[in-house]
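Here is what each chain is made of, one letter per residue.
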Amino acid sequence: MPDTLSPQIRFGSNSGQPATRRDGVAKVTGTATYAADNHPDNMLYAVYAAATIARGRVATLDTAAAEAHPGVVRVFTHENRPELQGDPDEKPTMFSNRIEVLQNDIVRYAGQPIALVIAETIEAATEGARLLDPRYDLQPPRTKIDDNETFEITGQAFGQPGPTIYGDIEAGHAAADLAIDVTYETPGQFHNAMETHSVVAKWTGDRLELDTPTQALTMSCAAYAYFFGIPAENVTIRSPYLGGGFGSKAFAVGPIVLGILAARATGRPVKLSLTRQQMFGPVGHRGTTRQRLRLGTASGGALTVIDHQGIAATSSFDDFLEAAPNATQGLYAAPALSSTHSGVRLDIGTPGPMRAPGEASGSAALECAMDEMAEAAGMDPLDFRLANYSETEPGTGKPFSSKKLRECYEQGAERFGWASRPREPRQMMDENGLLVGWGVGTALFGCPMFQAEARATLRSDGTALVETSAADMGQGAWTALAQIAADSLGLPLDKVEFRAGDSALPDGGVAGGSGHTATAGGALHAAGSDVIRQLGELAAADPDSPLHGAGNASFVARDGRIFLDNDESRGETFAEIFARSGGAEIVGNGNAARNPEDAQRHAMSSHGAVFAEVKVDPDLCQLRVTRLVGAFAAGRIINPRLAESQLMGGMIWGTSFALHEEAKYDTRTGRIMNSDLAGYQVPVNADVHGLEVIHVHEDDPYVNVLGIKGVGEIGITGTVGAIANAIYHATGKRIRRFPIRIQDLL
Ligand code: MOS
């Protein structure tokens, strides 16, 4: 790949290569150690009983029966639960919701922990929890958006989005020759990572060791330390493998606190692992939304206004909102834009971040509304988007750090064959008599960058160890980050050992927000560069080195050799330098964060265009997504195989959002009726047909030193709307509620 970035940043032979997952063999052969695979000596098991009502009080619990069960060691309820030093209503970090840890008898949602049973075996703990036989004082649960009043959000914290308004909204509406006013609904969705949340907690005095999967090691240490009144540095978290995170494992959650509490109370290590059913409650979800979109256009299809009002469900006791209307920001060139948020308190667990939080739901509604507006304006949906293409960030006029969205539209449309699309719906039929429809959606996601530190150790034997704490949640970071590190050290990938997923390592920031590769990768690159700088200084100071006296020059390292930037012939191998100096290793440190001036001057986003084909049986309305083509521009792609995988996974999740996923609440009990992987539907292989990803080349000199934007979340955005629009194109039916089901089309 040609390198057009700053001269200090050089990529060797590793970055840009489709290396296979370095953790793959361990994972598929079962040798990877997940949190719940740890069995310290003398370990107990904790199982919590979950509320089967959504609103009310726990009246009675038969703790005597549970305590009498063989193997049961302790039973904790709100009446005897040992004290916590931290307040469960406080949020110790920005990645915290209020938690439920048996602090009182109030039930706030179905699935809330109401008692904890600790036993010698998992079977005894499970049976003990069953014997508790809770009785409740019931109140009618509120589970639908119409079940309570809305409240306005005024904050600007994560999950508490405030309004964003620019231009004259009323004038925008007034200037429209054509207008639409449509309302879309999206359901509650649950992450369902294959690995459920788990902890193995072990206390030694006031030091705490945790094996628990987390996307945010440092913040999790701080949060758990807070609840137990110990300094954050007394907590060690090991999280080398995650069986999926998706945002669910970003926040500190109540059940983990209960596991830690059980270990402290018994003086023995304790394991607590959620069942699949327990994943539907205390560990976050994507909240239900209702979104009203009013768009207007003047002649030529130019938008005069985008007015996006979102209502999102949250719990009765906390504020996290699915910030759907945020998806309208920074995309189309309307002179006036309003995105506002309100919440509704329901008797449900508190929502949290779920892959593309806000944007997934908001993009679904926006891209459908754009299709409706194009239809009203008599324009091809892609032409309509191009007519409203923003060359600078709408609202601020800031230049984009890079934006290859036009190329995404062009390359995606070309590959898909969009040009032959008839404008009217119900015009295409395949050889089997199925209705065929084509739709498009624009993909957009931010490219945040966090702060990270890393360490690189180059050894005299020609190998290196690179370390940064942030975990790979299954997306392949372990491999892509090692590629970056190997290039920074001028070594082949197989000479570089990569250690991550341990809070004792240099703080790697957060594996989230699609920012992990940029953030941790930046730190690793800096650490490797620090090693090469030291190696160069050693050589330059040594009269026996061909680099002697080259102290002010810049050095390049490749294939275990260091040489002058402007003269490749002048240099020597790492081994020669180590042999003369007699040293065993050189340690380098690095950190990474975005340059605040670049962040101030530029708008930064990843972009993409997703094209969908669906086929619908005209009689039975059976529905299939037969083709998806996504073209994405997301800065530098470190590993095209893994990036393609991420984008495909996102597009499949978009299919899931469009056609499958929905938590179904029983309105009488407030329980989720489909709280398992049989009833909670997600696409399987048979639901995924043509799936194609195009990487659109994009150089970005501002987003960070490596030019990486991230691909973790953007694939969902765009896809949902593309599929819904294709369904309209096939059938002429506009369905404004997700997931779109067969019965909606009858
Ligand atoms: Mo993601 S929802 O930032 O893990």
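Residues numbered from 1 in each chain as written. Predicted model: local features only at pLDDT ≥ 70, side-chain atom pairs only at ≥ 80, totals over all residues.

- If you check an unreviewed UniProt entry, the protein chain appears there as Xanthine dehydrogenase family protein molybdopterin-binding subunit from Pelagovum pacificum.

## With respect to the overall build of the protein chain
1) Next: The helix and strand inventory of the protein chain stands at 16 helices and 28 strands.
2) Next: Against the compact-globule benchmark of 27 Å for 746 residues, the protein chain has a radius of gyration of 27 Å, which places it among compact chains.
3) Next: Overall size of the protein chain, expressed as C-alpha extent along the three principal axes, is 80 × 75 × 50 Å.
4) Next: Sorting the 746 residues of the protein chain into buried and exposed places 56% on the buried side.
5) Next: Considering only contacts within the protein chain whose residues lie at least 6 apart along the sequence, 82% involve residues at least 24 apart. (Helix = DSSP H or I, 4+ residues; strand = E, 2+ residues; numbered from the N terminus. Rg over C-alpha atoms; globule rule 2.2 N^0.38 Å. Buried ≥ 20, exposed ≤ 12 C-beta atoms within 10 Å, placed from the backbone. Contact = placed C-beta atoms within 7 Å.)

## Thoughts on the packing of helix H10 (residues 477-489) against helix H11 (residues 516-540)
1) Next: Put simply, H10 and H11 touch, their axes get as near as 8 Å, and they point 25° apart. Relative to H11, the element H10 lies roughly parallel. H11 is crossed by H10, and the crossing has right-handed handedness. Two secondary-structure elements touch here, H10 through Ala477, Ala480, Leu481, Ile484, Ala485, Ser488 and Leu489 and H11 through His516, Thr517, Ala520, Gly521, Leu524, His525, Gly528, Ser529, Val531 and Ile532.
2) Next: Broken down by class, the residue content of the contact of H10 with H11 amounts to ten nonpolar, seven polar and no charged. (Axes fitted to C-alpha atoms, helices over the stretch in contact; angles between N-to-C directions. Parallel < 35°, antiparallel > 145°, perpendicular 65-115°, else oblique. Left-handed = near helix turned anticlockwise from the far one by under 90°. Nonpolar A, V, L, I, M, F, W, Y, C, P; charged D, E, K, R; others polar.)

## Considering the sheet that holds strand S21 (residues 496-499)
1) Next: Read across the sheet, four strands follow the order S21-S20-S19-S25 without closing on themselves; strand pairing throughout is mixed. One side of each edge strand has no neighbouring strand; the edge strands of this open sheet are S21 and strand S25 (585-592). Between one strand axis and the next, the sheet turns through 15° on average, direction left out of account.
2) Next: As paired strands, strand S19 (residues 452-459) and strand S20 (residues 464-467) are joined by four bridges and run antiparallel to one another. (Pairing = 2+ DSSP bridges.)

## Comments concerning unusual backbone geometry
1) Next: Cis geometry is found at the peptide bond from Phe738 to Pro739, where omega equals -5°.
2) Next: As for its placement among the helices and strands, Pro739 is situated in the loop between helix H15 (719-731) and helix H16 (742-745).
3) Next: For Leu102, which is not glycine, the phi torsion reads 60° and is therefore positive.
4) Next: Look at Leu102 and you get buried, because 25 C-beta atoms sit within 10 Å.
5) Next: Although it is not a glycine, Asp133 sits at a positive phi angle of roughly 45°.
6) Next: If you trace the backbone, Asp133 turns up in the loop between helix H3 (122-131) and strand S6 (135-138).

## Overview of the UniProt feature "domain: Aldehyde oxidase/xanthine dehydrogenase a/b hammerhead" (unreviewed entry) in the protein chain
1) Next: Here the UniProt feature "domain: Aldehyde oxidase/xanthine dehydrogenase a/b hammerhead" (unreviewed entry) sits at residues 29-140.
2) Next: End-to-end, the C-alpha atoms of residues 29-140 are 48 Å apart, and along that stretch the chain is 14% helix and 28% strand. (UniProt positions renumbered as here; feature names shortened; annotations may be inferred.)

## Remarks on the nonpolar core
1) Next: Core analysis: the largest hydrophobic core is formed by 222 residues, its most contacted members being Ala46, Ala115, Val117 and Tyr224.
2) Next: Sorting elements by how many residues they give to this core places H11 first, with ten residues.
3) Next: Beyond its immediate chain neighbours, meaning those up to four positions away, Val117 contacts Ala46, Val47, Ala66, Val72, Val75, Ala125, Gly128 and Ala129. (Core = buried A, V, L, I, M, F, W, Y, C linked by C-beta atoms within 7 Å.)

## Some remarks on the confidence of the model for the protein chain
1) Next: Here the protein chain averages 95 in pLDDT, and 99% of its residues register 70 or above.
2) Next: In the predicted structure, residues 1-8 sits below a pLDDT of 50 and forms eight contacts with residues beyond four places in sequence or in another chain.
3) Next: The complex prediction reports pTM at 0.97, with the ipTM value standing at 0.98. (pLDDT = per-residue confidence, 0-100.)

## Brief notes about the domain arrangement of the protein chain
1) Next: For the protein chain, the assigned domains are domain 1 (24-32 + 450-593), domain 2 (41-355) and domain 3 (358-448 + 600-745).
2) Next: One C-alpha centre belongs to domain 2, the other to domain 3, and the line joining them spans 27 Å.
3) Next: Listed by partner, the interface residues are 53 residues for domain 2 and 48 residues for domain 3.
4) Next: Element by element, the count of residues in the side of domain 2 that touches domain 3 is highest for strand S9 (residues 178-186), at seven residues.
5) Next: Considered class by class, the residues forming the side of domain 2 that touches domain 3 number 26 nonpolar, 19 polar and eight charged. (Domains from an automatic or database assignment.)

## Structural notes on the pairing of S20
1) Next: Connecting the antiparallel pair S19 and S20 is a turn made up of four residues, with Gly462 showing a positive phi of about 90°.
2) Next: Pairing between S20 and S21: four bridges, direction parallel. Directly across from Glu467, in S21, lies its bridge partner Arg499.
3) Next: Once you follow S20 into H10 and on to S21, the crossover reads as right-handed. (Right-handed = clockwise from strand over helix to strand, strands pointing away.)

## Observations regarding the environment of Leu178
1) Next: With respect to the element layout, Leu178 can be found in strand S9.
2) Next: Taking the C-beta count within 10 Å as the criterion, Leu178 has 15 such neighbours and is therefore assigned partly exposed.
3) Next: Linking Leu178 and Met373, residues 195 residues apart in sequence, is a C-alpha distance of 8.2 Å.

## With respect to the packing of helix H7 (residues 359-376) against H15
1) Next: As a packed pair, H7 and H15 sit with axes 8 Å apart at the nearest point and diverge in direction by 40°. Judged by the twist between their axes, the crossing of H7 over H15 is right-handed. Judged by residue contacts, Ser363, Ala364, Glu367, Cys368 and Asp371 of H7 engage Val720, Gly721, Ala722, Ala724, Asn725 and Tyr728 from H15.
2) Next: Per-class residue counts for the contact of H7 with H15 are six nonpolar, three polar and two charged.

## Regarding H10
1) Next: The first and last C-alpha atoms of H10 sit 18 Å apart over 13 residues, in line with the 18 Å expected at 1.5 Å per residue.
2) Next: Counting buried residues in H10 gives 13 out of 13 residues, a clear majority hidden from the surface.
3) Next: Phi for Gly490, located one or two positions after H10, is positive at around 65°. (Expected span 1.5 Å × (residues − 1).)

## Re H3
1) Next: When H3 is considered as a whole, its buried residues turn out to be Ala124, Ala125, Gly128, Ala129 and Leu131. For H3, the angular spread of buried residues about the axis comes to 160°, placing them on one side.
2) Next: Two residues or fewer after H3 comes Asp133, characterised by a positive phi angle close to 45°. (Arc of directions from axis to C-beta.)

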